[in-house]
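Structural characterization, general
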Amino acid sequence: MTTDSHRPASGHNLILFFDGCLLLNGESPMWPSAALDGWDACTRSRVHVAPLQAEHPPCDAVQLASVPPPLTHVEAMPVRQFLLHQGFDAFVLAGRASQLLNWQRTHRFCGSCGAANAFRSPGQILYCPHCEVDYYPRINPCIIVLVTRGDRILLARSVRRGATFFSCLAGFIEPGESAEEAVAREVYEEVGIKITNIRYVKSQPWPFPSQLMLGFYADYVSGDIVPEAAEIAEAHWYPVDSLPETPAPAISVAGQLIQEYCDAARASADL
C-alpha cells in the first residue's frame, strides 16, 4: 500500500518510522509536515492518526522505505526504547501511530478474496472494493494480574532472552472467554495456583504490536507455585517491602498495579 492509497490532509505534523525505529526531532517524535517535502519516494506508507485526547494534535504516521538525505543525521530510536526513555505519557501518540501503521501493513489485502484493500473516508477503515468487507484497526485484548496473599505478592520472570525483571502474570483472552475467566485460567496455566476475588483495576494500550492490557488484582486460594517452563523462568512470593526489580509505574500498568498495592499494604501495616 503506497501513500497514494491514503493521502491525508496536508499540514499535519508527522511521526516518522524507519526500520523499527522512531526518527526523533530532538527529544520529540513530532516533525513539521515540511520535513518530507520533495521526498515522496522515501515513503512506504502513510496513515492519519486522529487525536483521541484534546491535548493530542492530529498527525500522520509515516513508514519510510529510506531516510531522506536531509534527515540522515537525526537520532533513530527503537520504539520500545523510546517508551523506556520518555515514559508512557510522552509515548501515547507515537504508540498509537505505530499500531495504525502495523494494522495498515498487515491488512494490505482482503482476507476473504485476496484483493487489495483501500481506505474508506471518513474514518479509519480499510475495505475491500471487491467483496465490500470492512477492516477496522485491530486490538488484541490481554489480561495482566497481580496475585496477592496478604502482605506478599506473586511476581514472575519471563523466559524471554534478556528478561531480568519480575512482573505480573499476563496472557491473551481466548475466543468466547470473559476477562475474569482468562485471569483464572492464565494464573493456573502459568504457575499452577487457584485464585478468587478477581477484580478489575485499570487498563493500558500496549502497542507491541496492538495489545490492550486489562489490569486486575486477585487473591490467592490454594496450590503451590509450579512455573510453566515454556513461559516462566521463575516465580515467587515477595513481601511488599522486599521486592526484586519490577517494571516502572511510569511505563506500564504492571508497575502501577505493583506500586499501588504495595503502597496500600505498607500504609495499612503502619496504622
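See the structure above.
Predicted model only: the values in this text are computed from it and were never measured. (Residues numbered from 1 in each chain as written. Predicted model: local features only at pLDDT ≥ 70, side-chain atom pairs only at ≥ 80, totals over all residues. Heavy atoms only, no water.)

Helices and strands together make up the secondary structure of the protein, namely four helices and 15 strands. Dimensions along the principal axes, computed over C-alpha positions, put the protein at roughly 65 × 45 × 35 Å. Across the 271 residues in the protein, those meeting the buried criterion constitute 45%. Put simply, of all contacts in the protein between residues at least 6 apart along the chain, 63% involve residues at least 24 apart. By element, 52% of the accessible surface of the protein is carried by carbon and sulfur atoms, the whole surface being about 13,700 Å². (Helix = DSSP H or I, 4+ residues; strand = E, 2+ residues; numbered from the N terminus. Buried < 20%, exposed > 50% of the residue type's maximum accessible area, 1.4 Å probe, protein only. Contact = heavy atoms within 4.5 Å. Areas by Shrake-Rupley, 256 points an atom, 1.4 Å probe, with all protein chains shown as cover.)

Another point: the side chain of serine 158. Positionally, serine 158 belongs in strand 11 (residues 152–158). A residue is classified by how much of its surface remains accessible, and serine 158, at 17% relative accessible area, is buried. Within the structure, the side chain of serine 158 is placed 3.0 Å from the backbone nitrogen of arginine 160, a separation counted as a polar contact. Look past the residues within four positions of serine 158 in its chain and what remains in contact with it is Ala163, Glu231 and Ala233. (Polar contact = N/O pair within 3.5 Å; in protein donor to acceptor, adjacent residues only side chain to side chain.)

Another point: the pattern of salt bridges. Inspection of every chain in the model, using the stated rule, returns nine salt bridges. Overlapping salt bridges bring together Glu177, Arg185, Glu186 and Glu189 as one network. (Salt bridge = Lys/Arg side-chain N within 4 Å of Asp/Glu carboxyl O.)

Owing to its 3.6 residues per turn, the α-helix brings residues three or four apart onto one side. With 13 residues, helix 3 (residues 179–191) ought to run about 18 Å at 1.5 Å a step, and its terminal C-alpha atoms sit 18 Å apart, in line with that. Those residues of helix 3 not exposed but buried are Ala179, Ala182, Val183, Arg185, Glu186, Val187, Glu190 and Val191. In this structure, the buried side of helix 3 is in contact with strand 10 (140–149), strand 11, strand 12 (169–172), strand 13 (194–206), strand 14 (211–222) and strand 15 (232–239). Directly after helix 3, the chain includes glycine 192, whose backbone phi takes a positive value near 75 degrees. (Expected span 1.5 Å × (residues − 1).)

Checked against the element boundaries, asparagine 117 lands in the loop between helix 2 (88–106) and strand 7 (118–120). Looking at asparagine 117, the relative accessible area reads 6%, which means it is buried. Only 2.8 Å separates the side chain of asparagine 117 from the backbone oxygen of histidine 107, close enough to count as a polar contact.

Our focus in this paragraph is the side chain of serine 98. Following the sequence through the fold, serine 98 ends up in helix 2. Those residues in contact with serine 98, other than ones at most four positions away along the chain, are Phe17 and Pro207.

This brings us to the packing of aromatic side chains. Taken as a whole, this structure holds nine aromatic pairs when the rule is applied. Judged by centre distance (5.7 Å) and plane angle (70 degrees), the rings of phenylalanine 166 and tyrosine 238 are edge-to-face. Placement of the pair is phenylalanine 166 in the loop between strand 11 and strand 12 and tyrosine 238 in strand 15, with a sequence separation of 72 residues. Phenylalanine 166 sits in the buried class, given a relative accessible area of 8%. Feature note: the residues Phe82, Phe88, Phe91, Trp206 and Phe208 constitute an aromatic cluster, connected by ring pairs. Above the plane of the ring of phenylalanine 208 lies arginine 80, whose end atom (NZ or CZ) is 4.1 Å from the centre. The ring centre of tyrosine 188 lies 4.5 Å from the NZ or CZ of lysine 194, which sits over that ring. (Phe/Tyr/Trp six-rings, centres within 6.5 Å; stacked < 30°, edge-to-face > 60°. Lys NZ or Arg CZ within 6 Å of the ring centre and 35° of its normal.)

Here the focus is helix 4 (residues 253–270). Between its first and last C-alpha atoms helix 4 spans 26 Å; for 18 residues at 1.5 Å apiece the expected length is 26 Å, and the two agree. Within the sequence span of helix 4, burial applies to Val253, Ala254, Gly255, Leu257, Ile258, Tyr261, Cys262 and Ala265. Among the structural elements, strand 10, strand 11, strand 13 and strand 14 are those in contact with the buried residues of helix 4.

In this section: the nonpolar core. Residues Ile15, Phe17, Leu22, Phe91, Leu146 and Ile153 are the most contacted members of the largest nonpolar core, which totals 47 residues. Among the elements that take part in this core, helix 2 stands out by supplying eight residues, more than any other. Among the nonpolar cores identified, the runner-up in size contains 21 residues, and Val145, Val147, Ala218 and Ala235 belong to it. (Core = buried A, V, L, I, M, F, W, Y, C linked by side-chain atoms within 4.5 Å.)

Inspection of the sheet shows strand 1 (residues 13–18) paired to strand 5 (residues 59–64) by five bridges, in the parallel sense. Within the sheet, the bridge partner assigned to isoleucine 15 lies in strand 5 and is alanine 61. Pairing geometry for strand 1 and strand 3 (residues 30–31), over two bridges, is antiparallel. Paired with leucine 14 across the bridge in strand 3 is tryptophan 31. Relative to strand 2 (residues 21–23), strand 1 is paired through two bridges, and the arrangement is antiparallel. By the bridge assignment for strand 2, phenylalanine 17 is matched with leucine 22. (Pairing = 2+ DSSP bridges.)

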